[in-house]
Every structure is written in structure tokens, then in C-alpha cells.
Amino acid sequence: MNKKFAKESFTIMNELVLPNDTNTLNNLMGGRLLHWMDIAAAISAQKHCNRIVVTASVDNVSFRHPIKLGDVISIEAQVTRAFNTSVEVRLQVYAQNIPSGSRIKSNEAFYTFVAIDQNSRTIAVPELTPETEEEKELYEGALRRRQLRLILAGKMKPEEATELYNFFNQIGA
């Protein structure tokens, strides 16, 4: 199977925050943002896999700054690592107030997608080749994030998470 570069999956999705997207404080509703993030991440994952993908997990999403009515949000998504049948996608969300020209990072998260075939069976995905220093850092950290996700989902025992174990032993050394 062919290898792909991380940059090939880079996706930017823009949305204008309209009244129907906001709560009573005129802030973007979190659920609406998660919906848009899921779409952007799925597009990025599909670019890498050339397959239909389904959401397997969403890591912690912290809401650092409120996104206001009328703001334009830009969601940047890129595959950080490919495993056997799944990929991890990093998302960064920026809110821009066009009249003032201000732009602020409001959210960051990692989503995991599984590639499936026409019969909804998992299928192998292309390997990922990181090029930049940031891509290499994200690539290396993806295995630890994956092990943590599997432990939290009850699919891996903590003692089996060798990458996490080694990481924490390096910190303590």
C-alpha cells in the first residue's frame, strides 16, 4: 500500500456563525462546533484513506474562548498518524471577527477514524510519512495518545501501554 504525506490530508473548513448556531448568550453552541469539527476531520481522513471513514473516538475538546455570533471559524484538520485501519486527525479551530480583524485559537482536539469498505468492514489504510518537525512530533505522540484512548475505552490494560510507560519513565528520570 502506498505511503502518503501528512500535508496531503490538510483541510480547512470555514463557517459563519449565524443566529441558529448560537445559544442565548450569542455564543456558538458546543454541539454545533463538534459537528463541524467532525465533518472537517472526516474530510481530512478520507483524503488520506481514499475510503469512507467513520468516527471512532473524539479526544478531550476544551472550549478556551467563546465564539460569537457573526464570527467566522476556520477549522484546520490534518492526519497525524495512520495505524492499521485507523487514522488520527488533529483539529485546530480559530475564530475570526472580521470587522475587528482579531483571530484567536479557540479549540484543539484529536479525532480517530476507521476506514471501511463497501460492506462496512474495516480496511487497511496507507502509511503516513511526516515531513516537518511539527508533523514528526505529532506522529511520535500519536501512539501514546492512542494507547491512552484504548485504556480509557477499556480495550487495553494499562500495563500493556508500553509507549505511555516509557514516556512517563523518561519524565521521572
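Heads up: the structure comes first, above all this text.
Thresholds applied
Residues numbered from 1 in each chain as written. Predicted model: local features only at pLDDT ≥ 70, side-chain atom pairs only at ≥ 80, totals over all residues. Heavy atoms only, no water. Core = buried A, V, L, I, M, F, W, Y, C linked by side-chain atoms within 4.5 Å. Buried < 20%, exposed > 50% of the residue type's maximum accessible area, 1.4 Å probe, protein only. Helix = DSSP H or I, 4+ residues; strand = E, 2+ residues; numbered from the N terminus. Contact = heavy atoms within 4.5 Å. Salt bridge = Lys/Arg side-chain N within 4 Å of Asp/Glu carboxyl O. Expected span 1.5 Å × (residues − 1). Bend = angle between axes of the 7 residues up to and from the residue.

**Student:** If you had to explain the nonpolar core to someone new, which residues and values would you point to?
**Tutor:** If you look at the biggest cluster of nonpolar residues, it comprises 32 residues, and the most contacted ones within it are Met 37, Ile 73, Ile 75, Val 87 and Phe 113. Looking at this core, the elements with two or more residues in it are helix H1 (30-49), strand E4 (72-82), strand E5 (86-97) and strand E6 (102-116). Discounting chain neighbours no more than four positions away, the residues touching Val 87 are Ala 45, His 48, Cys 49, Val 79, Arg 81, Ala 82, Tyr 111, Thr 112, Phe 113 and Val 125.

**Student:** I'd like a description of the pattern of salt bridges, backed by residues and values.
**Tutor:** For the structure on display, the rule yields twelve salt bridges. For Glu 127, the salt bridge is made with Lys 3, and the minimal N-O distance between the two is 3.9 Å. Pair noted here: Glu 127 is in the loop between E6 and strand E7 (128-129) and Lys 3 is in the segment before strand E1 (4-5), with a separation of 124 residues, a long-range link. Lys 3 sits in the exposed class, given a relative accessible area of 55%. We note a salt bridge from Arg 90 to Glu 108, for which the minimum N-O separation is 2.9 Å.

**Student:** Describe helix H2 (residues 133-152), listing the residues and the values that go with them.
**Tutor:** Since one α-helical turn is 3.6 residues long, residues separated by three or four positions face the same way. For H2, built from 20 residues, the straight-helix expectation of 28 Å at 1.5 Å per residue is met to within 8% by its first-to-last C-alpha distance of 29 Å. A bend of about 30 degrees at Ala 142 is the largest found in H2. When we look at burial in H2, the residues that qualify are Glu 135, Leu 138, Gly 141, Ala 142, Gln 147 and Arg 149.

**Student:** Give me the lowdown on the side chain of Glu 135, citing residues and values where you can.
**Tutor:** Along the chain, the position of Glu 135 falls in helix H2. Once residues within four sequence positions are removed from consideration, Glu 135 is found in contact with Ala 6, Lys 7, Gln 78 and Pro 130.

**Student:** So what's going on with unusual backbone geometry? Which residues, and what values?
**Tutor:** Phi at Asn 26 takes a positive value of approximately 65 degrees, unusual for a residue other than glycine. With respect to the helices and strands, Asn 26 occurs in the loop between strand E2 (11-16) and H1. Using a relative accessible area of 39% as the deciding quantity, one classes Asn 26 as partly exposed.

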